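Below, each chain spelled out in residue letters.
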Amino acid sequence: MQALLVFLAIAALSLLASSRTLLDPSRFPGVAQLAASGLLFLVFGALLGPGQIGVLSVADLDGLRPVLALGLGTAGVILGLNLEPRLLRLLPRPVFSAALAHAGVAFLFVAVPLSGALVLTTRLPLPAAVGGAALLGAAASLSSGHFAVLGYRSGRMERSRGLGVALLTMLDDGVGLGVLALALVLGAAASPTEGLGLVSLALLLGMLCGGLLAFLTYALKDPAELVAVALGGVALVAGAAAYLRVSVLLAGVACGATLALVGGRAVGQVARALGRFERPTYLVLVFLAGCHLQARDKEAWLLLPGYVALRFLGKILGGRLAHRLVANALDLPPRLGLALIAQGGLAVCLVVEYLLLVPGELSQHIFDVVALGAVINEVLARRAFRQVLESHRAAPRSAA
Amino acid sequence: MTGAIVRLGLLVVLLAGITRVQVWRVDTGTSVMLAAGALLLCGLFAGKVAKGVGLPRLTGYLLVGVVVGPYALGFIPGAGVKGLELVKGLAVSLIALVAGTELHLGLIRRVGIKVAVLCAAVCGVTFVVCFGAVFALKPVLPFLAAMTVPQALAVSALVSTVVVSFSPTVTIAIVQETQARGPFTEFLMALVIIGDLFVMVAFALAAGITKASFGGGFDVQGLLGGVGWELFGSVAVGGLLALALLVYMKRVNRELPLFLVGLCFAAAEGGARLHLSPLMVALSAGALIANLDERESQRVHHAIQLAGLPVFALFFAAAGAGLKLDTLVTVGPAALLLVVVRAVAIHLSCRRFAPPEDPRLRRYLWMGLISQAGVTFGLAALVARTFPDFGPQVEVLIVAMITTHELVGPVLTRKALERSGETRGDERPHVA
């Protein structure tokens, strides 16, 4: 029954989210923005979940774990497929330095101060507080390039600059995933050695599935068969990771990256096949993640302003540093930091994965802060990006 | 075909590896998505292998499900297979929606009465023969042995109505696979669909009589209400779905395969919750669309062919994985006897009562009626739930019969269609 409920809820929300009235930015700018990024579903999930109205109970969410795993697996495989080794090799080194700079500065700006705040507010032992803060930093380090993409597609931003921002935001995913892996090594098992074994198992599983998927899709010509194999491959890697209780996201990324490395001609076809299901899967994933939000989590509300403000500062300063590092290799807008405020769905994926694998009070706080922060950052990002566009318009005039 | 065998072998090796790791990682999580992914991929490549050796793809899906499922190699956990019930409902609805789009008024006018008469004859003869066989097995079957004669007669009637049922799902899937078109195919499809309606009504009557024989009283009003709601309620809800689909196609018209999957999912889940027949709901929706708007019905047909392959492969592989091979050991002889008796009854009644103007019907129609799948499973489960004293044992017997029918039925159905000369080869791999 819960599956039917979720289906009906998502169908109704999809209709609502495609309403022209609701999507009119002049009438409801914030709502339109959240609907476009999909984070509106996070809000709906939070409202309908057990933490608020309770349309879905905790037992329902447990029953829907396979769907959540599929969503995380799909997100991971798509991320991994984007790690095209041939393209990455073509990028100049300063691009990687710049991506690391903006992600790293935001990470440090959030992780270091919040370690202390977590110790004071939650009375956690120091290692646990540092681990939790590191994960908050990892989520904070992530940026989404969707505003830049929309900007150059609508002609409001030069294509080269939009692509530059999108490239930097794509590369920062590595920081987030790396910290998630570290957090799981430390927290997902009784000892760090066992934790390392579980993370390695996830990566090995992903690589095996990626290699197998590449072999299965080789020489497949029929589009329907290709879609079926792509879907089956994602379900297999996500399902195997969920069954063995290791990270679905990391296994998915390893699968996608392996496929991109050895998949040859079929990679593009698999990516296109998965692309057809990306949006609906993402919306379901974000909705289900939202259902896990505990809006009455006082500690999360206390940490939230600090998290958002520190991330904002970190991104502004990290953006400046990145701009300086990559100025000769990549065309970027002058106020790069403001273009990096949008956070996107991966941050939510990271923390929901942590919540599932290391359940507890700390992971719930982290999830709540990041999920609420993602919504606030999305609204902030719209205003911030407008500043980028204005400075972009002003630049040619001053140059003239 | 060698490539498909190698790929299938590698998949099985990976699954075996995961099972080995699971031994080390005792505290496992949910296995539903693992079952879905593994069965879908194994099903697809097993279908290719089956096609390579001249069998229906569907048999490949079923067999690989049996092999990797919990009752043979055990690479797929039982909980995972059970969690795929949603997919089963979805597949039945998709298949029925496609079948519905074939039910034009012209066809019903042309063959409707002949099909109904033949169906009544086949179902009637098969019921009588199976009823006699089940009652004769009273001393052997543990659940019948202790009953009084009237009770044993009522239970035999109940079991026989379930035993009579056909499998529209398998028939339609094989028709899709072979792209069979023609009067023989139309007759066969109409027969299995109408046969289901007959069985539904007969089952409700037999269940009422059985309840009465065990002292529960004969509730005629409740009986008629239940049957009426299941039949007419399903048609009404199917009509609403058809209208919703037509409105969507006229107004929105984006991502039709995804929308159809969603609609069929809602039909399957909602129908089951409302005690409707998901098969009838989707069938009547398809029939209404076909008769209201031929162009849109063609689009639905095409869209389901695109979205259908993963769903069908997964559905039949999961059905195979769910077949309890161990039941064959416990009630095997009795089940095999009933399988033979049923087949002979269907064969003889088709020979005797099929319309004489088409000799193919008399010769080959019986082969298309042997399969049993979802409907029979559903009725067996209903018996187990309604009569907890003896129902679970009846369920075991019927599941053993279904296991046999699932393995031979698709092959016979394909053979019937091939011998009728109405198949058009299997050139398009994207259908079941």
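Being a predicted model, the structure only gives us computed values, none of them experimental.

Undergrad: Is there a simple way to explain the overall build of chain A in this structure?
TA: The number of helices and strands found in chain A is 20 helices and 0 strands. A burial count over chain A gives 58% of its 400 residues as buried. Nonlocal contacts in chain A, meaning residues at least 24 apart in sequence, comprise 81% of its contacts between residues at least 6 apart. Accessible surface computed for chain A: about 16,000 Å², of which carbon and sulfur atoms make up 66%.

Undergrad: Mind showing me how you'd approach the overall build of chain B here?
TA: In terms of regular secondary structure, chain B is built from 18 helices and 0 strands. Taken against the 2.2 N^0.38 rule, which gives 22 Å for 432 residues, the C-alpha radius of gyration of chain B at 21 Å falls within 12% of a compact globule. Each of the three principal axes of chain B carries a C-alpha extent, and together these read 60 × 55 × 40 Å. The 432 residues of chain B split such that 58% are buried. By sequence separation, contacts in chain B at least 24 residues apart represent 83% of the contacts at least 6 residues apart. Surface summary for chain B: the accessible area is close to 16,500 Å², and the carbon and sulfur share equals 68%. If you average the places of the 33 positive and of the 23 negative side-chain charges in chain B, the two averages end up 4 Å apart.

Undergrad: What is the right way to read a nonpolar patch on the surface from this model?
TA: Residues and elements named next belong to chain A. Where nonpolar side chains cluster on the molecular surface, the patch consists of L203, L204, M207 and L208 and spans about 350 Å² of accessible area. Take L204: it is sitting in helix α13 (residues 192–217). Look at L204 and you get partly exposed, because its relative accessible area is 47%.

Undergrad: So what exactly am I meant to see when it comes to the interface of chain A and chain B here?
TA: How big an interface is tends to be stated in terms of the accessible area lost upon association of its parts. In this complex, chain A contributes 38 residues to the contact, which on the side of chain B involves 44 residues. Taken over both partners, the interface formed by chain A and chain B buries close to 3,600 Å², and the fraction arising from carbon and sulfur atoms is 76%. Ionic pairing is found between E225 of chain A and K48 of chain B, a salt bridge with its closest N-O pair at 3.2 Å. Here chain A is connected to chain B by 4 residue pairs in polar contact (both at pLDDT 80 or more). Counting residues per element, the ones that place at least two in the side of chain A that touches chain B are α1 (2–17), α6 (65–82), α13, α14 (223–243) and α16 (266–291) of chain A. For the side of chain A that touches chain B, the element with the most residues is α14 of chain A, which contributes 13 residues. Residue composition of the side of chain A that touches chain B, grouped by class: 30 nonpolar, 3 polar and 5 charged.

Undergrad: Just to check I follow, could you spell out the environment of T74 of chain A for this structure?
TA: All names here are of chain A. Looking at the element boundaries, T74 is found in helix α6. Residue T74 is classed as buried on the basis of its relative accessible area of 7%. For the pair formed by T74 and E225, sequence separation is 151 residues and the distance between their alpha carbons is 18 Å. In contact with T74, other than residues within four places in its own chain, are V234 and T281.

Undergrad: Explain the packing of helix α8 (residues 93–122) of chain A against helix α17 (residues 298–326) of chain A here, please?
TA: When two helices pack together, you describe them by how their axes are tilted relative to each other and by the distance separating the axes. Residue and element names in this part refer to chain A. Interaxial distance between α8 and α17 falls to 8 Å at its minimum, and their mutual angle equals 155 degrees. The pairing of α8 with α17 is recorded here as roughly antiparallel in orientation. Crossing of α8 over α17 shows right-handed handedness. Looking at the contact of α8 with α17, its residues break down into 22 nonpolar, 7 polar and 3 charged.

Undergrad: I would appreciate a short explanation of the pattern of salt bridges in the present structure.
TA: Between side chains of opposite charge, pairing is possible as soon as their charged atoms come close. Per the stated rule, a full pass over the model turns up 12 salt bridges over all chains. Between D62 of chain A and R65 of chain A there is a salt bridge, and its shortest N-O distance comes to 3.8 Å. Between R414 of chain B and E418 of chain B there is a salt bridge; the shortest N-O distance is 3.0 Å. On the criterion of helical spacing, the pair formed by R414 of chain B and E418 of chain B is a turn pair, its members being 4 residues apart in helix α18 (residues 391–420). Overall, E418 of chain B belongs to the partly exposed group, its relative accessible area being 39%.

Undergrad: Before we go on, may I ask you to explain the UniProt feature "transmembrane region" (unreviewed entry) in chain A in this structure?
TA: Listed under "transmembrane region" (unreviewed entry) in the UniProt record, and renumbered for this structure, are residues 64–83, 95–120, 126–150, 162–190, 196–219, 226–244, 250–268 and 338–356 of chain A. With 68% helix and 0% strand, the stretch residues 338–356 of chain A has end C-alpha atoms that lie 32 Å from each other.

Undergrad: Is there a simple way to explain the packing of aromatic side chains in this structure?
TA: Here a ring pair, both rings aromatic, is described through the centre-centre distance and the interplanar angle of the planes. Under the counting rule described, the total for this entry stands at 6 aromatic pairs over all chains. Judged by centre distance (5.7 Å) and plane angle (25 degrees), the ring pair of F147 of chain A and F385 of chain A falls under stacked. Of this pair, F147 of chain A sits in helix α10 (residues 146–153) while F385 of chain A sits in helix α20 (residues 361–399), and the two are 238 residues apart along the sequence. Both rings, one in F214 of chain B and one in F390 of chain B, keep their centres 5.3 Å apart while their planes meet at 25 degrees; by these two values the pair is stacked. Taken together, the residues span a long stretch of sequence, with F214 of chain B in the loop between α10 (183–213) and α11 (220–251) and F390 of chain B in the loop between α17 (374–386) and α18 at a distance of 176 residues. Judged by relative accessible area, which is 5%, F390 of chain B ranks as buried. When the ring centre of F215 of chain A is taken as origin, the NZ or CZ atom of R7 of chain B, which lies over that ring, is 4.3 Å away.

Undergrad: Would you mind showing me how to read the state of the cysteines here?
TA: In protein chemistry, a disulfide is the covalent bond that joins the sulfur atoms of two cysteines. Scanning the entire structure with this criterion turns up 0 disulfides over all chains. C255 of chain A takes part in no disulfide bond, and the closest cysteine sulfur, belonging to C209 of chain A, lies 5.7 Å away. Since its relative accessible area comes to 0%, C255 of chain A is described here as buried. Left unpaired, C130 of chain B is separated from the closest cysteine sulfur, that of C123 of chain B, by 11 Å.

Undergrad: What is the right way to read the environment of L263 of chain B from this model?
TA: All names here are of chain B. Inspection of the secondary structure assignment puts L263 in helix α12 (residues 256–273). Note on L263: relative accessible area 13%, which makes it buried. Through-space distance from the C-alpha of L263 to that of L94 is 9.2 Å; in sequence the pair is 169 residues apart.

So, how was this worked out
- Just so you know, the residues in each chain are numbered from 1, in the order the chain's sequence is written.
- The lettering of chains begins at A and the numbering of ligands begins at 1, in the order of writing.
- Given that the model is predicted, a residue must reach a pLDDT of at least 70 before its local features are reported, and side-chain atom pairs must reach 80 or more before they are shown or counted; all residues, however, enter totals for whole chains, interfaces and linings.
- Water and hydrogen atoms were dropped before computing side-chain values, which therefore reflect all heavy atoms in the structure.
- Numbered from the N terminus, helices here are DSSP runs of H or I no shorter than four residues, and strands are runs of E no shorter than two.
- Any residue under 20% of the maximum accessible area for its type is buried, any over 50% is exposed, and the rest in between are partly exposed; the area is computed with a 1.4 Å probe on protein chains only.
- Contacts: residue pairs with any heavy atoms within 4.5 Å of one another.
- All accessibility values rest on the Shrake-Rupley procedure with a 1.4 Å probe; residue burial counts only the protein chains present in the view.
- A radius of gyration in this sense is built from C-alpha atoms; the matching globule rule multiplies 2.2 Å by the number of residues raised to 0.38.
- Positive charges are assigned to Lys and Arg, negative charges to Asp and Glu, while His and the chain termini are left out of the count.
- The atoms used to mark charge sites are NZ of Lys, CZ of Arg, CG of Asp and CD of Glu.
- In this scheme, patches are assembled from residues that exceed 30% relative accessible area and form no salt bridge. Like charges are connected within 9 Å, while nonpolar side chains (Val, Leu, Ile, Met, Phe, Trp, Tyr) are connected within 5 Å.
- Salt-bridge detection follows one rule: a side-chain nitrogen of Lys or Arg within 4 Å of a carboxyl oxygen of Asp or Glu.
- Once two parts are brought into contact, the accessible area they lose, counted with a 1.4 Å probe and summed over both, makes up the buried area.
- For the purposes of these results, a polar contact is taken to be a pair of N or O atoms within 3.5 Å, where, inside protein, one atom must be able to donate a hydrogen and its partner to accept one; residues adjacent in sequence count only when each atom of the pair is a side-chain atom.
- When residue character is reported, Ala, Val, Leu, Ile, Met, Phe, Trp, Tyr, Cys and Pro are called nonpolar, Asp, Glu, Lys and Arg charged, and the others, Gly included, polar.
- Every angle, taken between N-to-C directions, lies between 0 and 180 degrees, and every axis is a line fitted to C-alpha atoms, over only the stretch in contact when it is a helix.
- Note on angle classes: values under 35 degrees are labelled roughly parallel, values over 145 roughly antiparallel, values of 65 to 115 roughly perpendicular, and the remainder oblique.
- The hand of a helix crossing depends on one turn: near helix anticlockwise from the far one by less than a right angle means left-handed, and clockwise means right-handed.
- UniProt positions are given in the numbering used here, feature names are shortened, and annotations may be inferred rather than shown by experiment.
- Pairing of aromatic rings covers Phe, Tyr and the six-membered ring of Trp, with a centre-to-centre limit of 6.5 Å; geometry is then stacked below 30 degrees between planes, edge-to-face above 60, and tilted otherwise.
- Two limits define a charge over a ring: the Lys NZ or Arg CZ must be within 6 Å of the ring centre, and within 35 degrees of the ring normal.
- Note on disulfides: each one is a pair of cysteine sulfur atoms within 2.5 Å.

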